[in-house]
Amino acid sequence: MDHQPPPLEGAVFAALDRLTAGASGPLCLAVSGGGDSMALLHLAARWGRARARAVTAASVDHGLRAAARGESAAVAWQARALDLPHWTL
């Protein structure tokens, strides 16, 4: 029996497949720390493992909000937990 991903995961996998078609380098996600981008980080990590593709993450602290430093740190922590490289810019 073939394992079929849940519908949302399958849709995200298909979108990432289309976006990376013909590319050979890692997929780098810009992750703000909000719920939608953190969900995408988790799905992209699963996609990368399923496709044997490197996935990295980056977050940007523009210094415009006091919370931005903490949000970038949370993204970095989550990326480490997913075994993904992360850069705060």
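Rules used throughout
Residues numbered from 1 in each chain as written. Predicted model: local features only at pLDDT ≥ 70, side-chain atom pairs only at ≥ 80, totals over all residues. Heavy atoms only, no water. pLDDT = per-residue confidence, 0-100. Helix = DSSP H or I, 4+ residues; strand = E, 2+ residues; numbered from the N terminus. Buried < 20%, exposed > 50% of the residue type's maximum accessible area, 1.4 Å probe, protein only. Contact = heavy atoms within 4.5 Å. Axes fitted to C-alpha atoms, helices over the stretch in contact; angles between N-to-C directions. Parallel < 35°, antiparallel > 145°, perpendicular 65-115°, else oblique. Left-handed = near helix turned anticlockwise from the far one by under 90°. Salt bridge = Lys/Arg side-chain N within 4 Å of Asp/Glu carboxyl O.

### Things to note about the confidence of the model for the chain
The share of residues in the chain with pLDDT of 70 or more is 94%, and the mean pLDDT across the chain is 92. Mean pLDDT across the elements of the chain ranges from a minimum in helix H1 (residues 7-20), with 93, to a maximum in strand E2 (residues 55-59), with 97.

### Re the environment of Cys 28
Counting through the fold element by element, Cys 28 comes out in strand E1 (residues 27-30). Using a relative accessible area of 46% as the deciding quantity, one classes Cys 28 as partly exposed. Taking C-alpha positions, Cys 28 is 19 Å from His 62, a pair spaced 34 residues apart along the chain. The contact partners of Cys 28, leaving out residues within four places of it in the chain, are Thr 56, Ala 57 and Ala 58.

### Structural notes on the packing of helix H2 (residues 35-51) against helix H3 (residues 68-81)
Between H2 and H3, the shortest axis-to-axis distance is 11 Å and the interhelical angle comes to 20°. Here H2 is positioned roughly parallel relative to H3, judged by the angle of their axes. H3 is crossed by H2, and the crossing has right-handed handedness. Facing H2, whose interface residues are Met 38, Leu 41 and His 42, H3 presents Ala 74, Val 75, Gln 78 and Ala 79.

### What to know about the pattern of salt bridges
The tally for this structure, following the rule as stated, stands at 3 salt bridges. A salt bridge links Glu 9 to Arg 46; its shortest N-O distance comes to 2.9 Å. With Glu 9 in helix H1 and Arg 46 in helix H2, this pair connects stretches of sequence that are 37 residues apart. Ionic pairing is found between Asp 17 and Arg 51, a salt bridge with its closest N-O pair at 2.8 Å. With a gap of 34 residues between them, Asp 17 in helix H1 and Arg 51 in helix H2 connect regions that are remote in the sequence.

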